[in-house]
Amino acid sequence: MNDDKFVEVKNLKKVYDNGHEAIKDVSFSVKKGDLVCLLGPSGCGKTTILNMLAGLLNPTSGDILFDGKSVVNVAPKDRQIGYVFQNYALYPHMTVLQNVMFPLTVGKQKMPKDKAKAIAEKYMETTQIMELADQKPGNLSGGQQQRVAIARALVQEPKILLMDEPLSNLDARLRLKIREEIRTLVKKVGITTLFVTHDQEEALSIGDKIILFNNGVIQQDDLGQNFYLEPNNYFVANFVGNPVIDNFKVTVHGDKITGSDFEINVNDLDKSRFKRDLTDGEYTLSVRPENILPAETGHVSAKVDDVELIGRERILKFTHDGVQARSLVNLETPIKAGDGINLKMRLDRVFLFDKEGERVY
Ligand SMILES: Nc1ncnc2c1ncn2[C@@H]1O[C@H](COP(=O)(O)OP(=O)(O)O)[C@@H](O)[C@H]1O
Ligand SMILES: [Mg+2]
């Protein structure tokens, strides 16, 4: 027993029959009781991983352990997993109560109707769908169907809950509300949960930690804030953040970092943040919009193309070296479209990525 590695995935690989390598040597672990988000763009392999955890798909190689025991040869129904599918997969001809009871009325777990009903009602209570008991799924809103799917996934009291983009069919406002509800619910039940999403804000808001994938490879496995502050590479820096990060092409020669119209001395950077020695060559210098701000004298001069209001802040959009970039300022900043500005970067917060996208600073 090792609660830090309640779920452990070791060197997992999946090559589909058509030769497509969807998962390439992936390893991670999930702590007991944690809600971990598997994040990444469409097609990066998130569903493939969930399906291998659930036993619906066999790994090509590698191992999956639950509570220290390998499950790769264990049948799906014996893995003690609850699965909420992306489209909910409710039975349309059954009522809500019948849907939720269903897993308890079939197979090895089959139990008397009244006992199944009592357990189903307990989870319908938790997910607040008691008053929908006699409705058919077709009459329910997306958010209600979602809760039915969660209740049905929980009735067998699984050890692990898998959720595949459970909010993607809901409208934006409901998504915010239900993601909070899901976190509250799984914490209350105390179940270890893997939650798949392609939405970085969703992952940051509910995940105890986040595992970000691209092309079947883990890019970063970390606490949410580290995706902002310490991204592993160019992909991570650009995938996480709203507004998105600014990227400037630069050339390093000796102790000079030269952009299209600015120059930074390497000695002005924070020495402790270098991952390795900076060698001459082409790099991308990236900075989050909150770390490049209007100043008397700055690194970059630009004309504001447009100003966008987001809640309590404004995004100043400008074009630099032919590329769109952004500065995030507070609401009171009296800058408008057409204004010329100087922008200063916080040099202790910029990143340098080499041609392969690896972070150097
Ligand atoms: N049955 C399959 N046969 C071949 N390729 C597949 C199959 N299922 C998924 N893929 C491919 O594997 C990759 C990962 O798919 P998937 O796990 O569904 O990604 P995600 O859930 O992150 O969107 C994609 O490129 C997808 O097209
Ligand atoms: Mg998917």
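Residues numbered from 1 in each chain as written. Chains lettered and ligands numbered in written order. Predicted model: local features only at pLDDT ≥ 70, side-chain atom pairs only at ≥ 80, totals over all residues. Heavy atoms only, no water.

Per an unreviewed UniProt entry, the protein chain goes by ABC transporter, ATP-binding protein and derives from Lactobacillus ultunensis DSM 16047.

Trainee: Tell me about the site of ligand 1, and please be specific about residues and values.
Mentor: Taken together, Y16, N18, H20, A22, P41, S42, G43, C44, G45, K46, T47 and T48 form the complete shell of residues around ligand 1. Here an oxygen atom of ligand 1 and a backbone polar atom of C44 are 3.3 Å apart. In isolation ligand 1 exposes 570 Å². Once the protein is present, 62% of that is buried. The leading source of residues in the shell around ligand 1 is helix α1 (residues 46-54), at 3 residues. By residue class, the composition of the shell around ligand 1 is 4 nonpolar, 7 polar and 1 charged. (Near = heavy atom within 4 Å. Polar contact = N/O pair within 3.5 Å; in protein donor to acceptor, adjacent residues only side chain to side chain. Areas by Shrake-Rupley, 256 points an atom, 1.4 Å probe, with all protein chains shown as cover. Helix = DSSP H or I, 4+ residues; strand = E, 2+ residues; numbered from the N terminus. Nonpolar A, V, L, I, M, F, W, Y, C, P; charged D, E, K, R; others polar.)

Trainee: So what's going on with the UniProt feature "domain: ABC transporter" (unreviewed entry) in the protein chain? Which residues, and what values?
Mentor: As annotated by UniProt and renumbered to match this structure, "domain: ABC transporter" (unreviewed entry) occupies residues 7-240. Across residues 7-240, the secondary structure splits into 34% helix and 25% strand, with the terminal C-alpha atoms separated by 25 Å. (UniProt positions renumbered as here; feature names shortened; annotations may be inferred.)

Trainee: An account of the domain arrangement of the protein chain is needed here, citing residue identities and associated values.
Mentor: Once the domains are mapped, the protein chain shows domain 1 (3-238) and domain 2 (243-353). Taking the mean C-alpha position of each, domain 1 and domain 2 sit 39 Å from one another. Counting residues at the interface gives 9 residues for domain 1 and 11 residues for domain 2. Both sides of the domain 1 and domain 2 interface together cover about 780 Å² of buried area, and 53% of this is carbon and sulfur. On the surface where domain 1 and domain 2 come into contact, there are 1 salt bridge. At the surface where domain 1 touches domain 2, the tally comes to 5 residue pairs in polar contact (both at pLDDT 80 or more). Looking at the side of domain 1 that touches domain 2, the elements that each hand over two or more residues are α7 (224-229) and α8 (234-239). (Domains from an automatic or database assignment. Contact = heavy atoms within 4.5 Å. Buried area = accessible area lost by both parts, 1.4 Å probe. Salt bridge = Lys/Arg side-chain N within 4 Å of Asp/Glu carboxyl O.)

Trainee: So, the layout of surface pockets: which residues are in play, and what are the values?
Mentor: Considering only enclosed or pocket space, the largest pocket measures out at about 760 Å³ in volume. Taken together, 24 residues line the largest pocket, and the ones lying closest to its centre are P76, K77, I81, P103 and Q156. Where the lining of the largest pocket is concerned, the elements lending two or more residues are β6 (81-84) and α4 (142-154). In terms of residue class, the lining of the largest pocket is built from 14 nonpolar, 5 polar and 5 charged. Taken as a whole, the second largest pocket encloses approximately 210 Å³ of empty space. (1 Å grid on protein atoms, 1.4 Å probe; cavity = no way out; pocket = protein on both sides within 12 Å on 5 of 7 lines; lining within 4 Å. Points joined across faces, edges and corners; volume = space filled by probe spheres on them.)

Trainee: Describe helix α3 (residues 113-126), and please don't skip the residues or the numbers.
Mentor: In this model α3 runs 20 Å from its N-terminal to its C-terminal C-alpha over 14 residues, within 8% of the 20 Å that 1.5 Å per residue would give. Listed in full, the buried residues belonging to α3 are A116, A120, Y123 and M124. Buried residues of α3, viewed axially, fall in a sector of 105 degrees; they line one side. Across α3 from its buried face, at more than 90 degrees, point the exposed residues D114 and E125. (Expected span 1.5 Å × (residues − 1). Buried < 20%, exposed > 50% of the residue type's maximum accessible area, 1.4 Å probe, protein only. Arc of directions from axis to C-beta.)

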